[in-house]
Protein chains: 2
Amino acid sequence: MQPAIRKLKILEAIVDSYIGTGEPVGSKTLCDGLDFNVSSATIRNDMAELAELGLLTQPHTSSGRVPTNLGYRIYVDKLMSVKPVSPKEQGAIRDSLLLHSDAPEHLLSEAAQILSDITRYAAAVTSPPADRAYVKRVKFVQTGNHTAMAVLITSTGMVRTRLFRCDFVVNDEVLNLFDNALNDKLQGTMLVDVTPAFIQSAAISLGELSMIVPNALIAIHDAARDAATTNIALEGQSKLLFLPEFSFESARQTVDFLNRTNDITRLLNDSDEPTRVLIGEETKIPELSEASLIISKYNVSDVCSGAIAVIGPTRMNYSKTIANTEYLAHTVGTMLSGLLNG
Amino acid sequence: MQPAIRKLKILEAIVDSYIGTGEPVGSKTLCDGLDFNVSSATIRNDMAELAELGLLTQPHTSSGRVPTNLGYRIYVDKLMSVKPVSPKEQGAIRDSLLLHSDAPEHLLSEAAQILSDITRYAAAVTSPPADRAYVKRVKFVQTGNHTAMAVLITSTGMVRTRLFRCDFVVNDEVLNLFDNALNDKLQGTMLVDVTPAFIQSAAISLGELSMIVPNALIAIHDAARDAATTNIALEGQSKLLFLPEFSFESARQTVDFLNRTNDITRLLNDSDEPTRVLIGEETKIPELSEASLIISKYNVSDVCSGAIAVIGPTRMNYSKTIANTEYLAHTVGTMLSGLLNG
DNA sequence: ATTAGCACTCGATGCACAAGAGTGCTAATA
DNA sequence: TATTAGCACTCTTGTGCATCGAGTGCTAAT
């Protein structure tokens, strides 16, 4: 066998072994596990070279080798093979998702739950961004003598509701009046344009009507803001605390970062690449320097939308996790497409 | 001073000091901090007696004393004084809550957020149980060509919505027909009675109509189940990971337990006592044996409803935390009463 | 290019020892 | 009887030191 090829095989074997056991792997152990016959001395020489290239390190001088993040990178890009999710697992995933396929939000949080359960790491799913969405329809529903619900339906098929309170006794007549007047103003308006200022100007042009139910305007504004905000569903954070590969410090830093909704959302929506694998410092986030992320984008009606991601340790089962994440992204995309446009 | 009284003062001083510093407190240190003059030897004798009574222990033979959970119990029940929340803080809390006082769910999750922020521990809030609630009204709102939203309004003023999909093109006429027929069946039915079997029988009695939109019935069922389920809002779990008083093991056990929604909900709704303080094993939950809970019930319209709680270490600032929790319970109760019955 | 052999490194483990904090006990005292 | 001073005792923490063993790097032979 070519020495160059052997070195790669050795790197692969080291990563595989280390991912499995968590123990630094030495030349002798490796020698036994390989399917070609070379002595441990040869392997030592090769490992020394791989270390020189920055693909391996030693925790200390007299211990086995451990992949560096660069080593993982080569492994992920060139060496490992992603084997598809088994049909049986595929079926289980689809079934679980179908049980929650009424509203997009439920589907997404269920997806995060499933992904976390099968990978045993933490999972996150972002909702599709709504920056191109506009107001399709606004409705009002009476819910009590003094309370009503604003319903906002977006062009993307999302529905947001908000309760509000009136100072006078609500009746369908007033709500209908308001409904008609407001739809004239709002239909077709981009969600991001439904600002307090916009609401203010709408109120003025509604004249007397707007004085009756100022809270309705606030409710609409809140609903629009809510619809325009990218949500994130997070599951299984506490699983990270039980992984032996995380030190206490890394685990809590990671969990703490995951709880910063804005930051993690931004990270996931950063790029439109179908699948990204970020290893350790590649995340550019100090708190995640011991963690790896697999981020897959899902497409709704062939347009790249939200992201579905797994957060785990750098010593992660990349092959299996990538397969699972990609499968879920694909399935969620398909289901959402049906849900929103059907 | 009476020796008996002095012993209690000493216990109080030890708890205060230990809560503040986290260091076991020795006779000498304590001697300086006391406002009455006795020698360290006397204090040693008293401490020995308190230890005999099971109120203090030593981490090891030659270190200072630390309160046992029983010691904390005496401290909480007899010694400490709960000083009310300052008017300034009260104002800040009310203002934050008012910003989210549209729907009960928002109010409750905001309350959890606030409580976690001011105590710097984890906080949880359960929604009022709905076991006595019945269906007040069901409505349907068209949201798309093939989609509609079921709206369920309960006797307690809660509103739940659920999207569903129809195989034919939706129009107001069908929805209205369905609406009228279904309200006849459902109005006044207890939420807990809206079972699949009940829905089934309703479907049959609706005849042909029910065949048109079977998904609507499922949506109603889901909405009712959702309304009947006690929700819990959880905030600041990851703060527990950074507390020096928790070992890694205790912290992750605690966080893991908090993520078991059913278990933590049951614990909070276990009793109707206005304020409970559970210290360590008093929770009867092994995973929480290093943690303490402050649980205050809030009343909606003078009826005991949900609970609002703080989860922290046994070495907790009980006085301040109890004050904060009780104030939030009171305020949330008042606001919710206005929201649901007004 | 590969291998056998060997000296070397370094963490882990166990042990001894000193320092320091804090106790428990005894005997004296108010 | 309650309090106190004094002192021996205990136990943790930290340090130094020798040993062990896994695994390496290097050299010389194949």
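Along every chain, residues carry numbers that run from 1 in the direction the sequence is written. Numbering of ligands from 1 and lettering of chains from A proceed in the order in which they are written. Given that this is a predicted model, residues contribute local features only at a pLDDT of at least 70 and side-chain atom pairs are listed and counted only at 80 or more, while totals for whole chains, interfaces and linings are drawn from all residues. Here the side-chain values reflect all heavy atoms present in the structure, with hydrogen atoms and water set aside.

The phi torsion at D302(A) lies on the positive side, around 65°, for a residue other than glycine. Under the DSSP-based scheme used, a helix requires at least four consecutive residues in state H or I and a strand at least two consecutive residues in state E, with every element numbered from the N terminus. Checked against the element boundaries, D302(A) lands in the loop between β9 (291-300) and β10 (303-313). Note on classification: 1.4 Å probe, protein chains only; a residue is buried when its accessible area is under 20% of the maximum for its type, exposed when over 50%, partly exposed between these limits. In this structure D302(A) comes out as exposed when scored by relative accessible area, which is 74%. The phi dihedral of S301(B) is positive, around 50°, even though this residue is not glycine. Relative to the elements of secondary structure, S301(B) occurs in the loop between β9 (291-300) and β10 (303-313).

Turning next to the packing of helix α5 (residues 87-98) of chain B against helix α6 (residues 104-119) of chain B. All names here are of chain B. Between N-to-C directions, angles span 0 to 180 degrees; the directions come from axes that are lines fitted to C-alpha atoms, helices contributing only their stretch in contact. It is the contact of α5 with α6, at a shortest axis distance of 9 Å, that shows an interaxial angle of 150°. Of the possible angle classes, the one that applies to α5 and α6 is roughly antiparallel. In terms of crossing hand, the pair formed by α5 and α6 is right-handed. Contacts between α5 and α6 involve I93, S96 and L97 on the former and, on the latter, L107, E110, A111, I114 and I118. Note on terminology: angles under 35 degrees are roughly parallel, angles over 145 are roughly antiparallel, angles of 65 to 115 are roughly perpendicular, and the others are oblique. Rotating anticlockwise by less than a right angle from the far helix to the near helix defines a left-handed crossing, while the corresponding clockwise rotation defines a right-handed one. Any two residues having at least one pair of non-hydrogen atoms within 4.5 Å are treated as being in contact.

Another aspect to go through is the side chain of D46(B). Counting through the fold element by element, D46(B) comes out in helix α3 (residues 40-52). Ignoring anything within four residues of it in the chain, the contact list for D46(B) reads R6(B), K7(B) and I10(B).

We call a residue near a molecule or strand whenever a single non-hydrogen atom of that residue lies within 4 Å of it. DNA strand D sits among 21 residues. The nearest are S27(A), R6(B), T42(B), T61(B) and S62(B). By atom count, sugar and phosphate contribute 77% of the portion of DNA strand D lying within 4 Å of the protein. One of the side-chain N or O atoms of R44(A) is found 3.2 Å from a base nitrogen in DNA strand D. Polar contacts, as used here, are pairs of N or O atoms within 3.5 Å; protein pairs need one atom able to donate a hydrogen and one able to accept it. Residues neighboring in sequence count only if both atoms are side-chain atoms. At 2.3 Å, a side-chain N or O of T42(B) approaches a phosphate oxygen of DNA strand D. Top contributing element to the surface near DNA strand D by residue count: α3(B), with four residues. Polar here means any residue other than Ala, Val, Leu, Ile, Met, Phe, Trp, Tyr, Cys and Pro, which are nonpolar, and Asp, Glu, Lys and Arg, which are charged; Gly is therefore polar. Considering only residue class, the surface near DNA strand D consists of four nonpolar, 13 polar and four charged.

Let us look at the relation of the copies chain A and chain B. In this comparison the copies share one frame, found by least squares on the C-alpha atoms of residues holding pLDDT of at least 70 in both. Rotating chain A by 180° and moving it 0.0 Å along the rotation axis overlays it on chain B with an RMSD of 0.0 Å. In symmetry terms, the pair is related by a two-fold rotation axis. Identified as the residue of chain A closest to the rotation axis by C-alpha distance is F248(A), at 3.3 Å. The share of interface residues of chain A whose copies in chain B are also at the interface is 100%, consistent with both copies meeting through the same surface.

Looking now at the protein's contact with DNA strand C. Taken together, 21 residues lie near DNA strand C, and T42(A), T61(A), S62(A), S27(B) and M47(B) sit nearest. Counting only atoms of DNA strand C within 4 Å of the protein, the sugar-phosphate share comes to 75%. Interatomic distance of 2.3 Å between a side-chain N/O atom of T42(A) and a phosphate oxygen of DNA strand C. R44(B) places a polar side-chain atom, nitrogen or oxygen, 3.2 Å from a base nitrogen of DNA strand C. Within the residue set of the surface near DNA strand C, elements represented by two or more residues are α3 (40-52) of chain A together with α3 of chain B. No other element matches the four residues that α3(A) contributes to the surface near DNA strand C. Its residues assigned to classes, the surface near DNA strand C shows four nonpolar, 13 polar and four charged.

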